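Given next are the chains, with one letter for each unit.
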Amino acid sequence: MQPTAPDRVSRGPLILASSSPRRLALLAQIGIVPDQVLAPAVDEAPHRDELPRQYAERIARAKAAYAWLHGAAAGPAKALVLTADTVVAVGRRILPKAATETEARGCLALLSGRRHRVITAVVLRHAGGQSERLVESVVAFSRLTELQIDALIAAGDWQGKAGGYAVHGHAAANIRFLSGSYSNVVGLPLFETAQLLRAHRVLA
């Protein structure tokens, strides 16, 4: 007997509330193409003394709430909204999504030769409420020389990345250790995301 395909007709549209092309590509890797992609207008500034896990959950929930109000093309009763937020943290410190070379250099200097955590909160909002997963991976850079930092900056794939690096980019040559979900470090933990989607018949 052939496996039954997910019933896409009954579930309504799947909205990806993210401006990250990496998340779109990761979903495509497991055969998921959202019906709509929406960049949520959310203030991502951390609150004072906010811990990395709390921050990731708060931002992911805010993105889901925004998309639920502004992007549910078929009406909130049918839509599914998927979103995530990824944080790079050293201890209690939340590293920025590097917007300038100065920020990226600061992040790489801090990460050099030490371990850090990559935390992603995934939220799937639906008519019955919302389902969530929180995933944490541990990554360690080798000790970076000034020349290596210069090369990573020149490569340019740090732009807009949490912690000022892309694990799937040039920084891969300097990462000596990774424990946990690799796709989480890229920006979306695929196993946990698939679990959420299977519960709503989006994925077999």
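Each remark here, short or long, concerns the structure printed above.
Fair warning: this is a prediction, and the values are worked out from it, not measured in the lab.

**Considerations on the pattern of salt bridges**
Thinking step 1. Considering all chains together, one arrives at eight salt bridges under this definition.
Thinking step 2. One salt bridge in this structure joins glutamate 44 and lysine 97, with 3.4 Å as the shortest N-O distance. Here the residue glutamate 44 occupies a position in the loop between β2 (36-38) and α3 (52-70), and lysine 97 occupies one in the loop between β4 (93-94) and α4 (101-111), the gap between them amounting to 53 residues.
Thinking step 3. A residue is classified by how much of its surface remains accessible, and lysine 97, at 34% relative accessible area, is partly exposed.
Thinking step 4. Put simply, glutamate 136 and arginine 117 hold a salt bridge, and the shortest N to O gap is 3.6 Å. With glutamate 136 in strand β6 (residues 129-141) and arginine 117 in strand β5 (residues 115-126), this pair connects stretches of sequence that are 19 residues apart.

**Describing the packing of helix α2 (residues 21-29) against helix α7 (residues 190-198)**
Thinking step 1. Following both chains from N to C, one finds α2 and α7 inclined at 70°, their axes separated by 11 Å at the closest point. Considered as vectors, α2 and α7 are oriented roughly perpendicular to each other. Both α2 and α7 take part in a crossing whose hand is right-handed. Note on element contacts: α7 touches α2 through Leu190, Thr193 and Leu197, opposite Leu26, Leu27 and Gln29.
Thinking step 2. Tallied by class, the residues present in the contact of α2 with α7 amount to four nonpolar, two polar and no charged.

Cut-offs and rules
Residues numbered from 1 in each chain as written. Predicted model: local features only at pLDDT ≥ 70, side-chain atom pairs only at ≥ 80, totals over all residues. Heavy atoms only, no water. Salt bridge = Lys/Arg side-chain N within 4 Å of Asp/Glu carboxyl O. Helix = DSSP H or I, 4+ residues; strand = E, 2+ residues; numbered from the N terminus. Buried < 20%, exposed > 50% of the residue type's maximum accessible area, 1.4 Å probe, protein only. Axes fitted to C-alpha atoms, helices over the stretch in contact; angles between N-to-C directions. Parallel < 35°, antiparallel > 145°, perpendicular 65-115°, else oblique. Left-handed = near helix turned anticlockwise from the far one by under 90°. Contact = heavy atoms within 4.5 Å. Nonpolar A, V, L, I, M, F, W, Y, C, P; charged D, E, K, R; others polar.

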